[in-house]
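Inside the fold
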Amino acid sequence: MIKYLSEKFTESLIKHHYIHDLQKADYIYATTLFIEKWISILAIMLLSICFDMVISTIFFLFFLIAVKKRCCGFHANSFKACFFLTLIIYIVFILFLMPIMIKELNITYILFGISIVILELIGAVNHPNINWNHEEYNESKKASRICVAIEGFSIVFLIFLDANNEIIVSMIFAIILNAFFLLIAKINKQEGSYEKGTCKSKNTANDEKDY
């Protein structure tokens, strides 16, 4: 259904001469990812209403997405896997991890610091589906590090202001999650190598979707 909608939307753009036929595949892929991302976001927001955690969830999603779109990271093999993995992680966090992280704030802050270091050191992973060239890859690493630094300072500032622990922990968990999936991508070698300025996959998996 999602691919069908993406194809129809792209065909409409071609029909009205907004894009060329040669751009069709790229636009179908981009539109599919856009729809899938918003399905996941809306599903999480619906769950946040059920858990009465709307504000905390908004901060969580903002901090998660802001870094992830720059650093890339682990990709699931399909949207279905990505979607259910996202919902499971969110539910486990709200029901089980958040109470523990709030209770053990010192440990939470240590994990937060370690995650910041990981993200700053690695910066980004060039997934084959993203296929940045060398310049784009370096710019993404730079943007990711700046974004992580801004988020890190924002969290520290809120900690000193003694802000709501649920909001602080939600933002910290977003940082931890980005660091975790960046490491997983590195371990699974979901990245490219450069040859004459072109990123070539080290992993033969195709058609993977962003977590």
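Just so it is clear, the model here is predicted, and its values are computed rather than measured.

Here's the deal with the packing of aromatic side chains
All chains considered together, the criterion is met by nine aromatic pairs. Centre to centre, the rings of Phe 60 and Phe 173 are 5.9 Å apart; their planes meet at 25°, and the pair counts as stacked. Taken together, the positions of Phe 60 in helix α3 (residues 54–71) and Phe 173 in helix α7 (residues 165–187) put the pair 113 residues apart, joining distant regions of the chain. Since its relative accessible area comes to 7%, Phe 173 is described here as buried. One aromatic cluster in this structure is built from Phe 51, Phe 60, Tyr 90, Phe 93 and Phe 173.

Points about the nonpolar core
In this structure, Phe 60, Phe 93, Met 101, Ile 155, Ile 172, Phe 173 and Leu 177 are the most contacted members of the largest nonpolar core, which totals 50 residues. When residues of this core are traced back to their parent elements, those giving at least two are α2 (24–50), α3, α4 (79–103), α5 (105–122), α6 (134–160) and α7. Broken down by element, this core gets its largest block of residues, 14 residues, from α7. If we ignore the near neighbours within four places in the chain, the residues touching Ile 172 are Met 101, Thr 108, Tyr 109, Phe 112 and Ile 155.

As for α4
Along an α-helix, residues three or four positions apart point the same way, because every turn accommodates 3.6 residues. Taking 1.5 Å of rise per residue, the 25 residues of α4 would be expected to cover 36 Å, and the 34 Å separating its terminal C-alpha atoms lies within 8% of that figure. Considering bend angle alone, the principal kink of α4 is centred on Leu 97 and spans about 50°; proline Pro 99 follows within four residues of it. Those residues of α4 that sit buried are Phe 79, Cys 82, Phe 83, Thr 86, Leu 87, Ile 89, Tyr 90, Phe 93, Ile 94, Met 98 and Met 101.

Re the environment of Glu 151
Its place among the elements puts Glu 151 in helix α6. Overall, the relative accessible area of 4% leaves Glu 151 in the buried class. When the C-alpha positions of Glu 151 and Ala 174 are compared, they lie 10.0 Å apart, and in sequence the two are 23 residues distant. When neighbours within four sequence positions are excluded, Glu 151 is seen to be in contact with Phe 62, Phe 63, Ala 66, Val 67 and Ile 175.

Thoughts on α3
In this model α3 runs 26 Å from its N-terminal to its C-terminal C-alpha over 18 residues, within 8% of the 26 Å that 1.5 Å per residue would give. One or two positions beyond α3, positive phi appears at Cys 72, with a value near 65°.

Criteria and thresholds
Residues numbered from 1 in each chain as written. Predicted model: local features only at pLDDT ≥ 70, side-chain atom pairs only at ≥ 80, totals over all residues. Heavy atoms only, no water. Phe/Tyr/Trp six-rings, centres within 6.5 Å; stacked < 30°, edge-to-face > 60°. Helix = DSSP H or I, 4+ residues; strand = E, 2+ residues; numbered from the N terminus. Buried < 20%, exposed > 50% of the residue type's maximum accessible area, 1.4 Å probe, protein only. Core = buried A, V, L, I, M, F, W, Y, C linked by side-chain atoms within 4.5 Å. Contact = heavy atoms within 4.5 Å. Expected span 1.5 Å × (residues − 1). Bend = angle between axes of the 7 residues up to and from the residue.

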